[in-house]
Amino acid sequence: VIDTGVDYNHPDISANMWDDGNGKHGFDFSENTDDPLDSFGHGTHCAGTIAAVLNNSVGIAGVAPKAKIMAIKIFPKAIDSVCVQAIKFAADKGARILSNSWGPSARRPKNQAIEEAVEYAYSKGCIVVFAAGNNNDDTQFYAPANHSQVIAVAATDSNDKRAVFSNFGDPVTVSAPGVNILSLKAASQSYIQMSGTSMACPHVSGLAALVLHNNRQYSFEEVKGFLQQNVDTISPDKLLGSGRINALKTVKQSATSVNKK
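Residues numbered from 1 in each chain as written. Predicted model: local features only at pLDDT ≥ 70, side-chain atom pairs only at ≥ 80, totals over all residues. Heavy atoms only, no water.

Draft legend 1. Geometry of unusual backbone geometry. Omega for the peptide link from F75 to P76 comes to 15°, which places this bond in the cis form. Take P76: it is sitting in the loop between strand 3 (71-73) and helix 2 (80-92). The peptide bond linking A143 to P144 adopts the cis configuration, its omega dihedral lying at 5°. Turning to its location among the elements, P144 is positioned in the loop between strand 5 (127-131) and strand 6 (151-156). Of note, the phi angle at N32 is positive, near 55°, even though the residue is not glycine. Within the element layout of this structure, N32 appears in the loop between strand 2 (26-28) and helix 1 (42-51). In this structure N32 comes out as exposed when scored by relative accessible area, which is 59%. Phi is positive for N55, close to 55°, though the residue is something other than glycine. Mapped onto the elements of the fold, N55 is located in the loop between helix 1 and strand 3. (Helix = DSSP H or I, 4+ residues; strand = E, 2+ residues; numbered from the N terminus. Buried < 20%, exposed > 50% of the residue type's maximum accessible area, 1.4 Å probe, protein only.)

This is the structure:
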């Protein structure tokens, strides 16, 4: 989870934190320290959507409740060089899925440095997932969500309509719930609702983890294909990829493909 860090002390995520063997759960590239503790709350919320602990009698359960969360902190100083270091670090440390609920606040259709980092992660076998953006605009104008080696995620509401803020268009791979999503609240033992394509992105990252659980050798293209081909069809006002993700259908199809191999 490349974000604002993660509150690795939260009781509903602590058991699922990645550890480097020395008690460290990631890295803070914003401040160049080995402590990625969340200072804002955004990253903790995203991490909970992916991997909040299952059946612990508290709170919520993540989409992939046995996934391990590597906390990579890039905020508040999320300049391009910081983001590049973060992406490459995660790839080099063995992360298979890079969940990125961030992007440019205004149109920036090209970002060579970050795109090259995405391509590096792709070359290492990573599944790179990005939020499409919250500008009510075409995703083609927002790098790196518009990159071909990225799974770009738009946001839907509880009625399967496009969230009013969500970006849209041809670069979007799939959509996922992103309005009033309940997840972990940092610096507490509590929970909070948040909205954004930031909240949709970790739903897809978690589902990608479930797909890889069936076969860790699946490529980016295979995972992307499972996500796209097993959606539920919706009728939003703008193009939101192939549809809204359906976790059960996707996991079943990926398991069937393993059996066929």
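Draft legend 2. Geometry of the side chain of R162. By the secondary structure assignment, R162 is in the loop between strand 6 and strand 7 (174-177). Classification of R162 by relative accessible area gives buried; the value is 10%. Polar contacts involving the side chain of R162 include one to the main-chain carbonyl oxygen of S166, which spans 2.7 Å. Look past the residues within four positions of R162 in its chain and what remains in contact with it is N136, A155, F168, P236, D237, K238 and L240. (Polar contact = N/O pair within 3.5 Å; in protein donor to acceptor, adjacent residues only side chain to side chain. Contact = heavy atoms within 4.5 Å.)

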